[in-house]
Amino acid sequence: MHDTDAKTPLEASLVDERRAKLTELRKSGNAFPNDFRRDSLTSDLHRQHGADDNATLEAAAKLVRVAGRMVLKRVMGKASFATIQDMSGRIQLYISNDLTGESAHQAFKHHDLGDIIGAQGALFRTKTGELSVRVTQLRLLTKSLRPLPEKFHGLTDQEQKYRQRYLDLITNEETRKVFASRYKIIQSIREFFVKRGYLEVETPMMHPIPGGAAARPFATHHNALDMPLYLRVAPELYLKQLVVGGMEKVFEINRNFRNEGISTRHNPEFTMLEFYEAYQDYIYLMDFTEVMLREVAEKVLGTTKFTYQEREIDFSKPFTRLTITQAIQKFHPQFTDTQLSDRDFLIDQLQTLKVSHKPRDGIGGLQLTLFDETVEHLLFEPTFIIDYPAEVSPLARRNDINPEITDRFELYIAGREIANGFSELNDPEDQAARFLEQAKAKEAGDAEAMHYDADYIRALEYGLPPTAGEGIGIDRLVMLFTDSPSIRDVILFPQLRRAD
RNA sequence: GGGUCGUUAGCUCAGCCGGUAGAGCAGCGGACUUUUAAUCCGUUGGUCGCGAGUUCAAAUCUCGCACGGCCUACCA
């Protein structure tokens, strides 16, 4: 790999060069002053004065104080230009002997790209039309000892972008935009819920019994209590306890942890929205989800039609709703109803596809595996898949007509699962039976099967009102809205192998 | 975990058939008072990811290892 820490002779010399400059700075006073206060963000200046011509600016002679990282520098003898970048954008500085005196300008010439500087001066427009600060005072606020990535291409090395995200953020505007969008997406989701009377809560990240999802947990240990704890795989069971407690509309946006593989769609810690509303069912959730996604798209992108990896996604149309077998037949019309309800046929198909299945799987489980293998990746336009088999849905309410299936859906967009929702199972005796099933599966070696959670059963015994609940993978949503091919592109510090 | 591709100066990249390294940016020195990836002249800088092997000779061929990208598996 690229070694980012060890000092090669060259890097050492570049750093030494800058370190020597820092040593000089130390001699002439505080090298890390913290008494410069800016009064303007660069984007505000562009917004307020972007339309003013030079005569107007010169007449106003508005004095501004700006600060930021120097990202471009052009020295021309007795005058110089520099571009500084702050959290909002960039602005050009004009420095000359006439304005600051020769020695200050001379000092500036030895400042390096990457240095943090503060400047004061009046706004004007250069003859090429760029809004700039005619600097009368310039200070080096923080010396940068390490050279920045190349100013034009920025940082392109994927690994370094992830490991040293600050360099990616300094040099790549696209990256800054992605994380600004991430914030906007989460914020608009939060507003969506708050507006509808939901209460935002935080439930434990450390669980004595991991539950709420079929997944392998991270294990840890509490010393004082001398007990094992697990990082949560889902907040579900706690949130439903809150509904029992009378919080009839709750949501949580927080991290989940799953001790599983890492890929372009999976990070060991990821952000999940879960929400629960009493006296509603899964049909309501699907409608609700459509409205929410449309609103978020509108707020973040300004449109409900957008492209992801060069294919169009349209949130304005009603989302398709299909059962698992309907979805299979839509993409593979050769399968008949009789075949899809024939256990031997399904097993045969899966074997042809070289896909393993659990020996305990019933018709529903086998159908779902076939769906996962042959259809899931093809669901590009938003599609709700409904009627999940009860055997793979231990927390979902059974369907009134067919108890083999549950009132549950998953939402697929761009070939990926984005959401999972259902009418909640609020029958404590059925839930206890389902937990026992899970415990049996775990006994039989299924590492992802759930534990029997007696605390949760006890809560249900006090009475969980009929409730609908859903989880939405926020990172994957952000990937969609920012056209990011990898989940690592939407998580500031994605998990990587240790660099050493 | 499996497959596959990659790793050359601080950064962005050349270097293809083996003859022991190059450009641009950054740095340093110089010219230049409206440039904007400023320009022009000069110049420093590399045990070519690590370790073996083949060879008179390896950045280049072979094998192993490390790390990363992509695909795949588990999953959201």
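Residues numbered from 1 in each chain as written. Chains lettered and ligands numbered in written order. Predicted model: local features only at pLDDT ≥ 70, side-chain atom pairs only at ≥ 80, totals over all residues. Heavy atoms only, no water.

*Asks:* So what's going on with the sheet that holds strand β9 (residues 227-231)? Residues and values would help.
*Replies:* Read across the open sheet, the 3 strands follow the order β7-β9-β8; overall the sheet is antiparallel. Both edges of this open sheet fall to β7 (206-207) and β8 (219-222), since each of them pairs with a single strand only. In this structure, β8 lies alongside β9, joined through 4 bridges in antiparallel fashion. By the bridge assignment, His222 is partnered in β9 with Met227. (Pairing = 2+ DSSP bridges. Helix = DSSP H or I, 4+ residues; strand = E, 2+ residues; numbered from the N terminus.)

*Asks:* Which residues make up the pairing of strand β3 (residues 89-96), and what are the values?
*Replies:* Counting buried residues in β3 gives 6 out of 8 residues, a clear majority hidden from the surface. Between strand β2 (residues 79-86) and β3, which pair antiparallel one after the other, the connecting turn spans 2 residues. Bridge count for β3 against strand β5 (residues 131-142) is 3 bridges, and the pairing is parallel. In the strand pairing of β5, Gln92 is matched with Ser132. (Buried < 20%, exposed > 50% of the residue type's maximum accessible area, 1.4 Å probe, protein only.)

*Asks:* Let's hear about the packing of helix α8 (residues 173-195) against helix α17 (residues 474-482): which residues, and what values?
*Replies:* Contact pair α8 / α17: the axes reach a minimum separation of 10 Å and the direction vectors enclose 120 degrees. What the angle tells us is that α8 and α17 run oblique. Crossing handedness for the pair α8 and α17: right-handed. Across the interface between the two elements, Val178, Ser181, Arg182, Ile185, Ile186 and Ile189 from α8 touch Ile474, Asp475, Leu477, Val478, Phe481 and Thr482 from α17. Here the contact of α8 with α17 is built from residues that sort into 8 nonpolar, 2 polar and 2 charged. (Axes fitted to C-alpha atoms, helices over the stretch in contact; angles between N-to-C directions. Parallel < 35°, antiparallel > 145°, perpendicular 65-115°, else oblique. Left-handed = near helix turned anticlockwise from the far one by under 90°. Contact = heavy atoms within 4.5 Å. Nonpolar A, V, L, I, M, F, W, Y, C, P; charged D, E, K, R; others polar.)

*Asks:* Requested: an account of the nonpolar core, with residues and values cited.
*Replies:* With 46 residues, the main nonpolar core has Ile189 and Leu273 as its most contacted residues. For this core, the element with the highest residue contribution is helix α10 (residues 282-301), accounting for 9 residues. Beyond its immediate sequence surroundings of up to four residues, Ile189 is in contact with Ile253, Leu273, Met292, Val296, Ile474 and Leu477. Residues Ile328, Leu340, Phe371 and Tyr412 belong to the second largest nonpolar core, which totals 20 residues. (Core = buried A, V, L, I, M, F, W, Y, C linked by side-chain atoms within 4.5 Å.)

*Asks:* Account for the protein's contact with RNA strand B, naming residues and giving values.
*Replies:* What surrounds RNA strand B is a group of 63 residues, the closest being Lys127, Thr128, Lys151, His266 and Arg476. Restricting attention to atoms of RNA strand B within 4 Å of the protein, one finds that 62% of them are sugar or phosphate atoms. Taking Val75, its main chain carries an N or O atom lying 3.0 Å from a base nitrogen of RNA strand B. With respect to RNA strand B, the backbone of Gly154 contributes an N or O atom lying 3.4 Å from a sugar or linking oxygen. Broken down by secondary-structure element, the contributors of at least two residues to the surface near RNA strand B are α1 (9-27), β1 (63-76), β2, β3 and α6 (158-163). The biggest single contributor to the surface near RNA strand B is α1, with 6 residues. (Near = heavy atom within 4 Å. Polar contact = N/O pair within 3.5 Å; in protein donor to acceptor, adjacent residues only side chain to side chain.)

*Asks:* Before we move on, can you summarise the packing of aromatic side chains with the specific residues and values?
*Replies:* Aromatic ring pairs are described here by two measures, namely the spacing of the ring centres and the angle between the planes. Tallied over the full model, the rule gives 22 aromatic pairs. A centroid spacing of 5.6 Å and a plane angle of 50 degrees characterise the contact between Phe315 and Phe319, whose relative ring orientation is tilted. Like Phe319, Phe315 is buried. Chaining the aromatic ring pairs together yields one cluster made of Phe192, Phe193, Tyr198, Phe251, Phe275, Tyr284 and Phe288. The ring of Phe36 carries the charged tip of Arg65 above its face, separated from the ring centre by 4.5 Å. (Phe/Tyr/Trp six-rings, centres within 6.5 Å; stacked < 30°, edge-to-face > 60°. Lys NZ or Arg CZ within 6 Å of the ring centre and 35° of its normal.)

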